[in-house]
Structures are given as structure tokens and as C-alpha cells.
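Residues per chain are reported as follows:
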Amino acid sequence: MCKKAVMMLLLLVLLISESVFGAENVLNQDKDSKIYVDLQTDKLEGAQLSVYQIGEMTSNENSISFHLTKDFKDSEVDLDKLMLCTNSEKEQTADKLREFLKEEEEIKPLQIIEIDKDGKTETAVKAGMYLICQFEDTEDFEIQPVIAVVPTVNE
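What counts and what doesn't
Residues numbered from 1 in each chain as written. Predicted model: local features only at pLDDT ≥ 70, side-chain atom pairs only at ≥ 80, totals over all residues. Heavy atoms only, no water. Helix = DSSP H or I, 4+ residues; strand = E, 2+ residues; numbered from the N terminus. Buried < 20%, exposed > 50% of the residue type's maximum accessible area, 1.4 Å probe, protein only. Areas by Shrake-Rupley, 256 points an atom, 1.4 Å probe, with all protein chains shown as cover. Core = buried A, V, L, I, M, F, W, Y, C linked by side-chain atoms within 4.5 Å. Contact = heavy atoms within 4.5 Å. Phe/Tyr/Trp six-rings, centres within 6.5 Å; stacked < 30°, edge-to-face > 60°. Pairing = 2+ DSSP bridges. Expected span 1.5 Å × (residues − 1).

## Comments concerning the overall build of the chain
Of the regular secondary structure elements, the chain holds two helices and 12 strands. Secondary structure elements of the chain occur, N-terminal to C-terminal, as β-β-β-β-β-β-α-α-β-β-β-β-β-β. Here the chain holds 155 residues, and 38% of them are scored as buried. As displayed, the chain offers around 9600 Å² of accessible surface, 46% of which is attributable to carbon and sulfur atoms.

## Overview of the nonpolar core
Within the largest apolar cluster, 20 residues are counted, with the highest numbers of intra-cluster contacts made by Phe72 and Leu131. Among the secondary structure elements, those contributing two or more residues to this core are β5 (48-59), β6 (64-68), α1 (79-82), α2 (87-103) and β9 (128-134). Per element, the largest residue contribution to this core is four residues, and it comes from α2. When sequence neighbours within four positions are dropped, the list of residues in contact with Leu131 reads Ser50, Val51, Tyr52, Ile54, Ala94, Leu97, Arg98, Leu101, Pro145, Val146 and Ile147.

## Here we look at the packing of aromatic side chains
Geometrically, a pair of aromatic rings is defined through the distance of the ring centres and the angle of the planes. Taken as a whole and assessed by the stated rule, the structure comprises two aromatic pairs. For the ring pair Tyr52 and Phe72, a centre distance of 6.2 Å and an interplane angle of 75 degrees mean the geometry is edge-to-face. On the criterion of sequence distance, the pair formed by Tyr52 in strand β5 and Phe72 in the loop between β6 and α1 is long-range, its members being 20 residues apart. Each of the two residues, Tyr52 as well as Phe72, counts as buried. Both rings, one in Phe72 and one in Phe100, keep their centres 5.8 Å apart while their planes meet at 40 degrees; by these two values the pair is tilted.

## Comments concerning the pairing of β9
With seven of seven residues buried, β9 is to be regarded as a mostly interior element. Two elements, β5 and β9, share six bridges in a ladder whose sense is antiparallel. Along β9, the bridge assignment pairs Ser50 with Cys133. Of the pairings in the sheet, the one linking β9 to strand β11 (residues 146-150) comprises five bridges and is antiparallel in character. Note on β11: the bridge partner recorded for Leu131 is Ile147.

## Observations regarding α2
Helical periodicity: at 3.6 residues per turn, an α-helix aligns residues three or four positions apart in one direction. Helix length check: α2 (17 residues) gives 25 Å between terminal C-alpha atoms against 24 Å at 1.5 Å per residue, within 8%. The secondary structure elements touched by the buried residues of α2 are β5, α1, β9 and β11.

## Some points on unusual backbone geometry
Despite not being glycine, Gln40 has its phi angle at roughly 55 degrees, a positive value. Mapping Gln40 onto the fold places it in the loop between β4 (33-38) and β5. Overall, the relative accessible area of 60% leaves Gln40 in the exposed class. With phi around 60 degrees, Glu76 is a residue other than glycine that occupies positive phi space. Within the secondary structure, Glu76 is located in the loop between β6 and α1.

Take a look at the structure:
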């Protein structure tokens, strides 16, 4: 009796962009930032990830905040609260948003990105908050969804 192995892979996201210090007027919201993804395996070449913009960023000279995009307004996620959550709570929220997407089939990804032979990929996005998750469900492996915020903000 053969069992299909289910690989749980932690999706590691490295955000590379210009650092923004204290939300000063150095933030250019129209400039693309890059999201780098490293699955830390070479066994998923060709696997695809969906990129959804879940939050739009607003900023003034003293702060940055996020509000849900039109597609995700019914998800009942508080993005500003999410910024203060633990990693475990962020993972739970990413799972909740992935389940929300299964119910809201008309929501289409902003981009679909493909994993290379080294288990890596990258994409360019505008400032905002993004859900990155497995494009299609499969019984062979499962990639944990993650939430990425770009650009990163340093106090």
C-alpha cells in the first residue's frame, strides 16, 4: 500500500527593497519592490505560487497603515492589527485568507510565479500587503501560505 508523501514546506519570503525609516517622506509608493521566495528545496521545480494583493498602503509623514483591497474586504482581517501579531498569528491569518479564497473563486491572483530548479522565484510588486500561496492544491505537497509586506519599515 503506497502512501503519498505530503511535504509541508515553509515558504520563506525575503523582502528586498529600500528601507523606509519611520515612514518619513522617503517612501515612493510607485516604485516596485521585490519579493524573493526560497522554498529551501530543489524538488518543486515548476510548482506555481499565486500572489494576491490583500492590502493597500496609505502613508502620511508620521505613519504607514494598510486597508483591505476590494477583493478581500469581506475576509474580516484587520491588517493594521496583523502588523503587531506574532509569527504564529500571521500564519493562522494566512491560512484563513487561503480558505477565504477557496470560497471566493472569482478572486484572481495578481500574478502567478513559477519555482525554479533551486526552489526559488522572485516577483516585483508595488508597496502593499500580499498573500503568497500555492496556486493549485495537490496531494503530493503543500506549501504554507505567507503574508508579505513591502516595503519593510524600520523605526
